[in-house]
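Residue-level structure breakdown
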Amino acid sequence: MSLSKRCHGECMPQSKLPEPTSYERIVLKNFSEYYYMKVQLVFQGESVPLNAAQFKLLIVNALRTLHGEVGSSLPLDLLKYNEDTLCAILRISSRGLVKLWSALTLCGRYQHRECAFRVIQTSPFLLALAGNSRELDLG
Amino acid sequence: MYYYGIAGPALPISWHQVAAAITPRCATEAAWQEACSQDPPLPAIPGHSVRVFIQAERTSSAHFTGNMLRCLDSCPRHLLVCEKSNFKQEKSRHSAHVETHYFNCLVSVLLPECGPLPEKIKSTIEGFGSYFVIRNLSVHEFVTEDFRNTFIKQGSFYALSYQTRIDQDNTAALLPTGKLILSVDKDTYEELGLQGKPSLYSGKNAMRYTINIDLTDKALSADGKKFQRINWCLSEKKPLLFDFLLAWENTESSSILSYFSSYKIKSCPFTINTTVLRDLHCPVINSGRLHGKAEEACSSERVFEWFGAVSNNIDCTNQSSSFISTFCCPFPSTVVQQTSLCTITGFITPEKIQRLLQQLREYFIEPKLTTWVSLMVHGFADSPVSWGENEHGFCRGGENLYSFIIFNNEDYWVQMAVGTHDDCPP
């Protein structure tokens, strides 16, 4: 204890630390420009291998089919993608959420194979997708 | 009049799916019911298109189309509350934020410039012990005098119904303050015969009710009328059975096992996962600047988003021209050689989080390369409360989470986020 105190005093004197901050609170309502979605692509029967670019193209094409060029030009990012499970985290601008969700619902075919998107989780906070209490499995 | 048509892929989809996909909220009730009444799957039409018509009555097409376009662009309400303060300030509310967020399913600790987890923090996490899961427990067990004397009066007892979804099932929770909260659907509420309030988020015609019973109430003595009524309602009139997650903040927490020995009960350890992230882009944070400053420090909400990227293991080194993703770390940032991330999953009580927070404050007693560390906590999406007794609902995500950033001069930031069906955090 004394050693740590001494070290504290020698190596990092209090004067070098910034002054204590004052209290401040901000409330941000509907601040997020983006919405995040965790989705999984499932195939009827055997699954088809897709890489990240093909996966994104499938979604952009689905948006184009339902909402035209306006839909396909929405800012959409594929933040994370797992080729084995076909699970992905998508980021879409908030005003495009309903368009993306509807396009995913109606997307039913890839390379003449029947498929469907399962929306696992959605949130305006990316951090919320890191934990899912509904997946807490205790056997 | 029929006036809305779309072209979609040729699939055997049902009217429900079409209505949900195109106009989740803007269809008038008449249109919605009309669509739903024709629920059998639409025939797939060769030529890769399905024409969908929704019949809407008592509304003009301009009104309908305007509503539809607005709904296409809207997104659910959400709130983020950011606070900065100092642990040594008398009125600092950091303890209240932690202690009143009762039900937590995941806690992560992020330590920049740190390889393996420091011994003190590691032993705190390993000392969390375990929690319990019990099957088919009747809620009336919590009301009995024996239970109240053994557990509620002897320490903080936490119980939350397990694998019940608050947007479709009945849900129950027992808070450490001795409040029993039942969130039930309309049918159960009417059968049960206990007084409650309509849920804040179920609209004009309430389909969900919240019942709040104070088990520390002195009027709840064994021979009192109130007790007789509650006990009869929960044990005979409409017995409610749930699987529960249980935790008791008491040195003799294992006595839960013997008390409920007539039920199927087991003790569950916490799942601990530790990873070391290499060459991570970390945002520059200044404890005095919650709003950030151009070229100097990142704002609180950008940092909160970055925490999400780190927790999900998302790559932040993208080019702005990349086709796949243009997501990148907030500016300004520095590259940190190694960062330790530890994740704990289970039924985590606020007391345990409080201990961890205390350890993270003590982390800076010895000088460190980093100026801050972080603690992230996720609440249960299906809990009937978020902070205190604030009613909580699922809507689209059920998120209720918070994160602490602890600075080396005892300053801290706290960011609390809630989704649509939730009140503003305290």
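Since this is a predicted model, take the numbers as computed values, not measurements. (Residues numbered from 1 in each chain as written. Chains lettered and ligands numbered in written order. Predicted model: local features only at pLDDT ≥ 70, side-chain atom pairs only at ≥ 80, totals over all residues. Heavy atoms only, no water.)

A short note on the packing of helix α2 (residues 52-72) of chain A against helix α3 (residues 97-106) of chain A
Residues and elements named next belong to chain A. Selection rule: Angles shown run from 0 to 180 degrees and are taken between the N-to-C directions of axes, each axis being a line fitted to C-alpha atoms and, for helices, limited to the stretch in contact. Secondary structure is summarised from DSSP: a helix means a run of H or I of at least four residues, a strand means a run of E of at least two, and numbering begins at the N terminus for each. Orientation labels follow simple angle bins: below 35 degrees gives roughly parallel, above 145 gives roughly antiparallel, 65 to 115 gives roughly perpendicular, and whatever is left gives oblique. Note on definitions: a residue-residue contact is assigned when non-hydrogen atoms from the two residues lie within 4.5 Å. Charged residues are taken to be Asp, Glu, Lys and Arg, nonpolar residues to be Ala, Val, Leu, Ile, Met, Phe, Trp, Tyr, Cys and Pro, and polar residues to be all remaining types, Gly included.
The contact between α2 and α3 brings their axes to 8 Å, and the two run at 100°. With respect to each other, α2 and α3 are oriented roughly perpendicular. Across the interface between the two elements, I59, A62, L63, L66 and H67 of α2 pack against K99, L100, S102, A103, L104 and L106 of α3. Among the residues forming the contact of α2 with α3, the class breakdown is eight nonpolar, two polar and one charged.

Re the nonpolar core
All names here are of chain B. Heads up, the condition is: In this text, buried Ala, Val, Leu, Ile, Met, Phe, Trp, Tyr and Cys residues form a nonpolar core when linked through side-chain atoms within 4.5 Å. To sort residues, take the accessible area from a 1.4 Å probe on protein chains only and compare it with the maximum for the residue type: under 20% means buried, over 50% means exposed, and anything in between is partly exposed.
Counting 53 residues, the largest nonpolar core has F103 and L375 as the members making the most contacts within it. With five residues, the top contributor of residues to this core is strand β2 (residues 104-112). With 38 residues, the next largest nonpolar core counts L80, W306, A309 and L401 among its residues.

Here's the deal with the sheet that holds strand β10 (residues 265-269) of chain B
Residue and element names in this part refer to chain B. Put simply, the test is: Any two strands between which DSSP finds at least two bridges are classified as paired.
Strand order across the open sheet formed by eight strands is β7-β8-β6-β5-β4-β9-β3-β10, with antiparallel pairing between neighbours. Of all strands in the sheet, those bounded by a partner on one side alone are β7 (197-198) and β10. With four bridges joining them, strand β5 (residues 171-174) and strand β6 (residues 179-185) adopt antiparallel strand pairing. Bridging from a neighbouring strand, A173 pairs with I181 of β6.

A closer look at the interface of chain B and chain A
For clarity, the threshold we go by: Using a 1.4 Å probe, buried area is obtained as the accessible area two parts lose upon being combined, added over both of them. In what follows, salt bridge is the name for a side-chain nitrogen of Lys or Arg lying within 4 Å of a carboxyl oxygen of Asp or Glu.
In this complex, chain B contributes 84 residues to the contact, which on the side of chain A involves 64 residues. Across the chain B/chain A interface, buried area totals approximately 6400 Å², and carbon plus sulfur atoms make up 61% of it. Considering only the side of chain B, the residues that lose the most area to chain A are H78, N312 and I324 of chain B, jointly responsible for 10% of the buried surface there. Connecting chain B to chain A are six salt bridges.

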